[in-house]
Amino acid sequence: MLFKGGGLPHESLALQEKLFGAGPDYNFMTRIERFKNSLVRVQHFIRCCARYNLHDHADKKWFEGVAFPNEVSVLGPHSGMFIPTLKEQGSEEQIQKWVPQAEKHQIMGTYIQTELGHGTFVRGLETTATYDPKTEEFILNSPTLTSIKWWPGGLGRTCNFGIVMALLYIDGKNYGMHPFVVQLRSLKTHEPLPGLTMGDIGPKFGFDTVDNGYLQFNHFGIPRENMLMKYCQVLKNGTYTKQTRNPKFSYGAMIFVRSMVVYEVAGQGLAKACTIAIRYSAIRRQSELKKSRPEPQILDYQTQQYKLFPLLALAYAVWFTGVRMKEIYFMVNNEIKQGHTERLPELHAISSGLKAFTTSMASWGIERCRLACGGHGYSAASGLPKIYVNATGGCTYEGENTVMLLQCARFLMNIYGGVKNGRRPSGSVNYLGERISSRCTLTSEFTLKSLADAFKHRAARMIKEASERLNRLQASGNDPEDSWNLNSVVLTKAAEAHCHYYMVLVFESVVESVEDNCVKDILRQLCQLLALCGIQENSGDFIQDGFLNNDQLELVKQKQLSLLSEIRPNAVLLVDAFEFHDVQLGSILGRFDGNVYENLFKWAKKTPLNKPEDLIHRLLR
Ligand SMILES: CCCCCCCCCCCCC/C=C/C(=O)SCCNC(=O)CCNC(=O)[C@H](O)C(C)(C)COP(=O)(O)OP(=O)(O)OC[C@H]1O[C@@H](n2cnc3c(N)ncnc32)[C@H](O)[C@@H]1OP(=O)(O)O
Ligand SMILES: Cc1cc2nc3c(=O)[nH]c(=O)nc-3n(C[C@H](O)[C@H](O)[C@H](O)COP(=O)(O)OP(=O)(O)OC[C@H]3O[C@@H](n4cnc5c(N)ncnc54)[C@H](O)[C@@H]3O)c2cc1C
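Just so it is clear, the model here is predicted, and its values are computed rather than measured.

Student: Give a description of the site of ligand 1 that names residues and reports values.
Tutor: Around ligand 1, 27 residues are found, and the nearest of them are His 57, Thr 120, Lys 248, Arg 258 and Arg 410. Gly 399 has a polar backbone atom sitting 2.9 Å from an oxygen atom of ligand 1. Protein contacts shield 83% of the accessible area of ligand 1, which totals 1300 Å² for the unbound molecule. Elements with a minimum of two residues in the shell around ligand 1: helix H5 (75-89), helix H7 (252-283), helix H9 (344-372) and helix H12 (401-420). Residue classes in the shell around ligand 1 are distributed as eleven nonpolar, eleven polar and five charged. Counting the residues that make up the shell around ligand 1, at least three belong to each of domain 2 (107-241) and domain 3 (257-288 + 295-427 + 445-575).

Next comes the structure, spelled out in structure tokens:
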């Protein structure tokens, strides 16, 4: 119950739906079958929402976790981007017009921003929306090959609406990127409307159940009322007005999804992979530890614990950080709604940084879980390949991770520059205003405070050095842009150090808040392990300025190893505590009942290659 709280009733309801738990095995389907099967589940999900009166977004999420295990459905872009953008960027009238239809799934939408030629560089997008005061329409056009919209989820076959990001032109003047609500397909025939060329972009690394698509506009007219007008308006006569608000408000949908991805994608993905690998390691027996004794569970090998327990600690850390990220998003977004925009830059920085840091760590961790399962980990029956290909997409979508770290670094450089000029930082960066201690106080007790302080020191030092290096590059004659580029590796590392510190701090605060002493002790061990592994893996960062000495590093190593043995008796319980149902794991290796071998054998017998098939038979005869 540490994790799920009030969500369980909805999850149990979803588990009662036969269509979700049973049905054909995903691994034996072709891409088209996977897509069709997902659509069937989407329709059933929509019926369930009506039947069980599921309106609240969080309630639906619990349901979705069972209906679409380890995959994104076309509902992802619809409920994660289309509806939030309508709500955040639409005027009251526009919200009244479209949101109820979208929430009842009478229209299905997606978020259409990326183009063939540009994804990262939003200011480089080329699709135009030219206002014609005579017809009171915006004419959408794709002027070049590279301006064809490319990637939006659900665009290929499913969605009949989309929010298109396009450059607004009035009277020959470019007003920059704006969001437009565009009907794409007939509500009767589902055919693309005239003036639109669209389809699916083809098979991908993962995301098989989503029809990521392309869209080319050929002078396609939409009513003036379809520009989302909360922050900017175009009047009938073509007059452009805007509130004196931050132009980056039109990037709001991206901040929202980045904030959610930390928990929904990185936290969940890694926790599932750890559940599979640790449960399996308790079932699998191999080799000899002692002569003439039964083969041990592979989880008893110290090297196996060394592979998996730091990932377990990381899974807990990312999970808690994801929950905190969501809370911060909703808090700051409320402030923004009330006109207080002061914390928007920090929200942008921390959501960009954590999205990048946690999805990269989770992808790496899921792959290590697979390796830790040996041969059976390589089989699709482990469930790990599906978890990996979907989670690793999070390193790219919603802002490629390096680019996101650089956005975070940009904020850190601004703040550090301000501190040098006497400003006091606050929130997640308040430590940049503190004096950095030059020696580490770490002792063999390894209190969580002393560990967090070590990460604070590392982040503060790396940010300071990145800033000083940037200044030196400029002072030696490089222009600001070249200096930035020549310093960008250092900048990304500083941003990672900041995010790492943030994650350790969140974990520490969760441990401190737990009242049950037994749970607290176990979580403390995990938090210590997370921090100690972070120190060891990045030891250069901690010894470079003499902060940590060799004796302390030796203590770190010793404590890390002793924690492995301390965590071992609770390891399976710690993954059970995530409370993933077998349906959500989709893994034979990670089954709750541990009945791995019998089910692997049954599963292999069902594989389509074992069915009589004429051509294969003739070729082999
Ligand atoms: C419902 C639950 C949700 C479920 C979640 C689960 C997810 C599962 C579903 C997943 C489905 C996948 C869906 C995927 C969708 C997509 O991928 S949509 C497309 C996303 N595209 C991107 O993310 C593009 C990335 N690029 C950018 O964001 C920007 O172009 C950029 C890199 C940030 C640069 O922008 P630019 O305008 O050039 O800015 P700069 O010149 O660099 O900076 C200017 C200042 O603006 C500040 N800033 C930038 N962005 C923001 C922002 N979003 N908000 C606030 N402020 C911002 C920046 O910090 C600069 O500030 P100063 O330093 O003060 O000048
Ligand atoms: C599964 C999936 C789903 C998606 N869904 C949607 C969707 O629903 N709607 C939508 O509009 N888009 C969607 N996208 C597109 C996605 O948002 C973009 O692919 C993403 O933002 C990355 O942009 P890019 O492809 O232009 O990468 P690129 O920018 O071309 O990245 C390539 C390399 O260039 C580097 N690079 C680029 N710019 C810089 C820089 N300034 N500094 C340093 N390095 C740089 C990157 O770090 C990277 O290593 C989706 C993508 C995927 C994979």
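Student: Report on the UniProt feature "domain: Acyl-coenzyme A oxidase N-terminal" (unreviewed entry) in the protein chain, specifying residues and quantitative values.
Tutor: Summarizing the sequence annotation, UniProt attributes the feature "domain: Acyl-coenzyme A oxidase N-terminal" (unreviewed entry) to residues 12-107 in the numbering used throughout. Between the C-alpha atoms that bound residues 12-107 there is a distance of 28 Å. The span itself is 71% helix and 0% strand.

Student: Run through the pattern of salt bridges, naming residues and quoting values.
Tutor: A complete count under the given rule lists 26 salt bridges for this structure. Across the salt bridge formed by Glu 88 and Lys 337, the nearest N and O atoms sit 3.7 Å from each other. On the criterion of sequence distance, the pair formed by Glu 88 in helix H5 and Lys 337 in helix H8 (residues 302-337) is long-range, its members being 249 residues apart. Of the charged contacts in the structure, one is a salt bridge between Arg 324 and Glu 327, with a shortest N-O distance of 3.8 Å.

Student: Which residues make up the domain arrangement of the protein chain, and what values do they have?
Tutor: As a measure of interface size, the accessible area lost when the parts come together is often cited. Along its sequence, the protein chain is carved into domain 1 (5-71), domain 2 (107-241) and domain 3 (257-288 + 295-427 + 445-575). Each of domain 2 and domain 3 was reduced to a C-alpha centroid, and the two centroids are 37 Å apart. Domain 2 puts four residues into the contact, and the matching count from domain 3 is seven residues. For the pair domain 2 and domain 3, the summed buried area comes to about 490 Å², and 72% of that belongs to carbon and sulfur atoms. Among the residues domain 2 hides against domain 3, the three largest losses belong to Thr 120, Phe 205 and Phe 207. Together they make up 80% of the total. For the pair domain 2 and domain 3, the interface holds zero salt bridges. Here domain 2 and domain 3 share one residue pair in polar contact (both at pLDDT 80 or more) between them. Of the residues assigned to the side of domain 2 that touches domain 3, the class counts are two nonpolar, two polar and no charged.

Student: Got a sec to walk through the sheet that holds strand S7 (residues 196-200)? Specific residues and values, please.
Tutor: Neighbouring strands of a sheet are bound in pairs by backbone hydrogen bonds; such pairs are parallel or else antiparallel. Taken in spatial order, the three strands of this open sheet run S4-S8-S7, and their pairing is antiparallel. Each end of this open sheet is capped by a strand with a single partner; those strands are strand S4 (149-150) and S7. Taken together, the five bridges between S7 and strand S8 (residues 213-217) define a ladder with antiparallel strand orientation. Bridging across to S8, Gly 199 finds its partner in Tyr 214.

Student: I'd like a description of the packing of aromatic side chains, backed by residues and values.
Tutor: Scanning the entire structure with this criterion turns up 23 aromatic pairs. When the centroid spacing of 5.8 Å and the interplanar angle of 25° are considered together, the rings of Trp 150 and Tyr 214 count as stacked. Taken as a pair, Trp 150 in strand S4 and Tyr 214 in strand S8 lie far apart in primary sequence, 64 residues in all. With a relative accessible area of 26%, Trp 150 lands in the partly exposed category. Judged by relative accessible area, Tyr 214 falls into the partly exposed class, the value being 26%.

So, how was this worked out
- Residues numbered from 1 in each chain as written.
- Chains lettered and ligands numbered in written order.
- Predicted model: local features only at pLDDT ≥ 70, side-chain atom pairs only at ≥ 80, totals over all residues.
- Heavy atoms only, no water.
- Near = heavy atom within 4 Å.
- Polar contact = N/O pair within 3.5 Å; in protein donor to acceptor, adjacent residues only side chain to side chain.
- Areas by Shrake-Rupley, 256 points an atom, 1.4 Å probe, with all protein chains shown as cover.
- Helix = DSSP H or I, 4+ residues; strand = E, 2+ residues; numbered from the N terminus.
- Nonpolar A, V, L, I, M, F, W, Y, C, P; charged D, E, K, R; others polar.
- Domains from an automatic or database assignment.
- UniProt positions renumbered as here; feature names shortened; annotations may be inferred.
- Salt bridge = Lys/Arg side-chain N within 4 Å of Asp/Glu carboxyl O.
- Contact = heavy atoms within 4.5 Å.
- Buried area = accessible area lost by both parts, 1.4 Å probe.
- Pairing = 2+ DSSP bridges.
- Phe/Tyr/Trp six-rings, centres within 6.5 Å; stacked < 30°, edge-to-face > 60°.
- Buried < 20%, exposed > 50% of the residue type's maximum accessible area, 1.4 Å probe, protein only.

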